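Below are the chains, spelled out letter by letter.
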Amino acid sequence: MDDITKILLKKPMASAALLRSDFKTFIKVFHKHLRRSDFIFKPFHLKIINELERRVFGGVSKNLCINIPPRFGKSLIVEYFIAWTYAINRNCNNIYTSYSNDLVLKFSGEIKEIIESDLYRKLFGITIGRKSSSKSIWKIVGGGETRAVSLGGGITGFGAGTIEPGYAGSVFIDDPLKADDRNSKNALDKCVEFLRGTLKNRLNKDDTPFILIMQRLSTNDLVGFIKANEPDLW
């Protein structure tokens, strides 16, 4: 058992309350526990953390767009965010999508790893059901679920959020466009159509937010569409 685990488990209720109230501390603790290294917080990380916290605690329901180049930790922070919000509300329902099925399953598996860790289970008393524990769809025992699907994949019958007030999940769109497709009108249009024709119909309530994480690849990419057509919603 590592030192941070020993310290937290001396007073588990107080530790759980602290981690639920502070997303940055949650990241710091679980990154150290799972990866055996310190998460190096940069100013832009803190801005992302603040904006995500506002969706949970600040009553902000507007959609959020995070534009940063690859390998700067934006997807990792979102992975921790999904795990963190289940500690706050086990009824969260999430949809997680990306251009690559391998990528979306990788991220989904890493979120599961956080939730299934011994420290998370001991502090929050949350587990993932064995009957629905694949990387593509998994369900919290007595709570909500997460559906991980590649762009254009089927999500019929599944919705994000709940009808209850307060934060209860999001639709996460993580790099919807492959870099090689930045000049493909068909690929660009496919991203827009998946947002408008599929994902927007999968909300269990109107104020369930979209969290879009992507690098800018074209003026006509999904962010370009949003800026031109619905900037007030983001």
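Look up a bit, the structure's there.
Thresholds applied
- Residues numbered from 1 in each chain as written.
- Predicted model: local features only at pLDDT ≥ 70, side-chain atom pairs only at ≥ 80, totals over all residues.
- Heavy atoms only, no water.
- Helix = DSSP H or I, 4+ residues; strand = E, 2+ residues; numbered from the N terminus.
- Rg over C-alpha atoms; globule rule 2.2 N^0.38 Å.
- Buried < 20%, exposed > 50% of the residue type's maximum accessible area, 1.4 Å probe, protein only.
- Contact = heavy atoms within 4.5 Å.
- Lys, Arg positive; Asp, Glu negative; His and termini not counted.
- Charge placed at Lys NZ, Arg CZ, Asp CG, Glu CD.
- Core = buried A, V, L, I, M, F, W, Y, C linked by side-chain atoms within 4.5 Å.
- 1 Å grid on protein atoms, 1.4 Å probe; cavity = no way out; pocket = protein on both sides within 12 Å on 5 of 7 lines; lining within 4 Å.
- Points joined across faces, edges and corners; volume = space filled by probe spheres on them.
- Nonpolar A, V, L, I, M, F, W, Y, C, P; charged D, E, K, R; others polar.
- Expected span 1.5 Å × (residues − 1).
- Arc of directions from axis to C-beta.
- Phe/Tyr/Trp six-rings, centres within 6.5 Å; stacked < 30°, edge-to-face > 60°.
- Salt bridge = Lys/Arg side-chain N within 4 Å of Asp/Glu carboxyl O.
- Polar contact = N/O pair within 3.5 Å; in protein donor to acceptor, adjacent residues only side chain to side chain.

Q: Mind showing me how you'd approach the overall build of the protein chain here?
A: When you go through the protein chain residue by residue, the secondary structure sums to 9 helices and 7 strands. Its C-alpha radius of gyration of 17 Å places the protein chain within 12% of the 17 Å reference for a compact globule of 234 residues. In terms of its C-alpha atoms, the protein chain occupies a principal-axis envelope of roughly 55 × 35 × 35 Å. By residue count, 51% of the 234 residues in the protein chain fall in the buried class. Sequence-distant contacts, at least 24 apart, represent 74% of the contacts inside the protein chain between residues at least 6 apart. Charge-centre separation for the protein chain: the mean point of 36 positive side chains lies 4 Å from the mean point of 25 negative side chains.

Q: I would appreciate a short explanation of the nonpolar core in the present structure.
A: Grouped burial of nonpolar side chains is what soluble globular proteins tend to show. With 47 residues, the main nonpolar core has F23, F26, F30, I115, Y120 and F124 as its most contacted residues. Looking at this core, the element that brings in the most residues is helix 5 (residues 74-88), giving 10 residues.

Q: Looking at this structure, I do not really get the layout of surface pockets. What am I missing?
A: One water molecule sets the probe size; rolling that probe over the atoms shows where empty space is left. Empty space within the largest pocket amounts to approximately 490 Å³. If you go around the largest pocket, you meet 22 residues; those closest to its centre are P70, R71, F72, S75 and F107. Among the secondary structure elements, those contributing two or more residues to the lining of the largest pocket are helix 5 and helix 6 (101-115). Here the lining of the largest pocket is built from residues that sort into 9 nonpolar, 4 polar and 9 charged. Taken as a whole, the second largest pocket encloses approximately 160 Å³ of empty space. Every residue lining the second largest pocket is listed: F44, K47, I48, E51, L64, C65, I66, N67 and I68. When contributions to the lining of the second largest pocket are tallied by element, the ones reaching two or more residues are helix 4 (43-57) and strand 1 (64-67). Split into classes, the residues belonging to the lining of the second largest pocket amount to 6 nonpolar, 1 polar and 2 charged.

Q: For this particular structure, what's the right way to read helix 4?
A: Since the α-helix advances by 3.6 residues per turn, residues separated by three or four positions end up pointing in the same direction. With 15 residues, helix 4 extends 21 Å between its outermost C-alpha atoms, agreeing within 8% with the 21 Å of an ideal straight helix rising 1.5 Å per residue. Among the residues making up helix 4, those that are buried are H45, I48, I49, L52, E53, R55 and V56. Down the axis of helix 4, the sector holding all buried residues measures 150°, keeping them to one side. Exposed residues pointing more than 90 degrees away from the buried face of helix 4 are listed as P43 and K47. Packing partners of the buried residues in helix 4 comprise helix 2 (12-21), helix 3 (23-35), strand 1, helix 5 and strand 7 (210-214). In the stretch just after helix 4, G59 is the one whose phi turns positive, near 70°.

Q: Explain the packing of aromatic side chains here, please?
A: The way to describe two aromatic rings as a pair is by their centre distance and the angle between their planes. Enumeration over the complete set of coordinates arrives at 17 aromatic pairs. Here the aromatic rings of F39 and F41 are separated by 4.7 Å at their centres, their planes lie at 40°, and the arrangement is tilted. F41 shares its class with F39; the two are buried. With centroids separated by 5.6 Å and ring planes inclined at 90°, the aromatic side chains of F57 and W84 adopt a geometry described as edge-to-face. Of this pair, F57 sits in helix 4 while W84 is found in helix 5, placing the two residues 27 residues apart along the sequence. A residue is classified by how much of its surface remains accessible, and F57, at 47% relative accessible area, is partly exposed. A relative accessible area of 0% places W84 in the buried class.

Q: Could you clarify how one ought to interpret the side chain of K74 in this entry?
A: Within the secondary structure, K74 is located in helix 5. The buried charged residue K74 lacks any salt bridge, with D175 as its nearest oppositely charged partner at 4.6 Å. Within polar-contact distance, the side chain of K74 engages the backbone oxygen of I68 at 3.0 Å. Those residues in contact with K74 that lie beyond four places of it in its chain are I66, I68, P69, I213, M214 and Q215.

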